[in-house]
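# Structural description and commentary
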Amino acid sequence: MLNQPINVIPSSLSGIGAGVVDATLPLTVSWQVSGDTPMVAYQIIIQQNDTDSTVVYDTGTIDLQSPFYGNDSKGNTQTFSAETITAEELSQAGVVNGYENGYKILITQWWGETEEESITQTSPSFFITRTTPELSIFDFPPYTETNPYKYK
């Protein structure tokens, strides 16, 4: 049996910057799989963070070619990365940068073939969408008595 996914990215609970996505770039959702059985399939649903939890994107059930174990043979935690959702798929789903309410991800994991052998997050992972910032640095003027900043 599997437990709910933990340490989901993107999620506003996963640390600074881990809850921000640029909707014009591909999105890879990752999480830690925990439980005493391997994950054999998953589903990711992206919803608008509105009162109806409007579904904008659904991967459907994705069967894994081989089971994913949450720990390796030495007991080290393994992070699962889902198939990348392309920027085109996000755009077609209406996921856009700057949507005021933000979005949320709902993950379902299967350890068997039936709905009884699956678990879905009870609390979706919230994230916002913003354009990736750009930083421009202009040349400093030469060092003078009035400009004491010198660079090499």
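Computed from a prediction, not measured in an experiment: that's the story for all the values here.

Before going further, it helps to examine the environment of Asn101. Along the chain, Asn101 turns up in the loop between helix H1 (87-93) and strand E8 (103-110). Classification of Asn101 as partly exposed rests on a relative accessible area of 34%. It is 15 Å that separates the C-alpha atoms of Asn101 and Pro10, two residues lying 91 residues apart in sequence. Ignoring anything within four residues of it in the chain, the contact list for Asn101 reads Asn49, Asp50 and Phe126.

The next point concerns the layout of surface pockets. In this structure, the largest pocket occupies an estimated 180 Å³ of space. Around the largest pocket, the lining comprises 14 residues; the ones closest to its centre are Ser11, Leu13, Gln121, Ser123 and Ser125. Among the secondary structure elements, those contributing two or more residues to the lining of the largest pocket are strand E1 (6-9) and strand E10 (125-129).

This part is about the sheet that holds strand E7 (residues 79-81). Sheet strands pair via backbone hydrogen bonds, and the direction of the pair is either parallel or antiparallel. Spatially, E1-E3-E7 is the arrangement adopted by the 3 strands of the open sheet, whose pairing is antiparallel. Only two strands of the sheet have a single neighbouring strand rather than two, namely E1 and E7. Averaged over neighbouring strand pairs, the angle between their axes works out to 15 degrees when direction is ignored. In this sheet, strand E3 (residues 30-32) lies alongside E1 in antiparallel orientation, the contact comprising 2 bridges. Across the sheet, the residue bridging to Ile9 is Ser30, located in E3.

Another aspect to go through is the pairing of E10. Residues Ser125, Phe127 and Thr129 point to one face of E10 and are all buried, whereas Phe126 and Ile128, pointing to the other face, are not buried. Pairing between strand E2 (residues 20-21) and E10: 2 bridges, direction parallel. Bridging across to E10, Val21 finds its partner in Thr129. With 3 bridges joining them, E8 and E10 adopt antiparallel strand pairing. Bridge assignment links Ile105 to a residue of E10, and that residue is Ser125.

Scoring rules and cut-offs
- Residues numbered from 1 in each chain as written.
- Predicted model: local features only at pLDDT ≥ 70, side-chain atom pairs only at ≥ 80, totals over all residues.
- Heavy atoms only, no water.
- Helix = DSSP H or I, 4+ residues; strand = E, 2+ residues; numbered from the N terminus.
- Buried < 20%, exposed > 50% of the residue type's maximum accessible area, 1.4 Å probe, protein only.
- Contact = heavy atoms within 4.5 Å.
- 1 Å grid on protein atoms, 1.4 Å probe; cavity = no way out; pocket = protein on both sides within 12 Å on 5 of 7 lines; lining within 4 Å.
- Points joined across faces, edges and corners; volume = space filled by probe spheres on them.
- Pairing = 2+ DSSP bridges.
- Axes fitted to C-alpha atoms, helices over the stretch in contact; angles between N-to-C directions.

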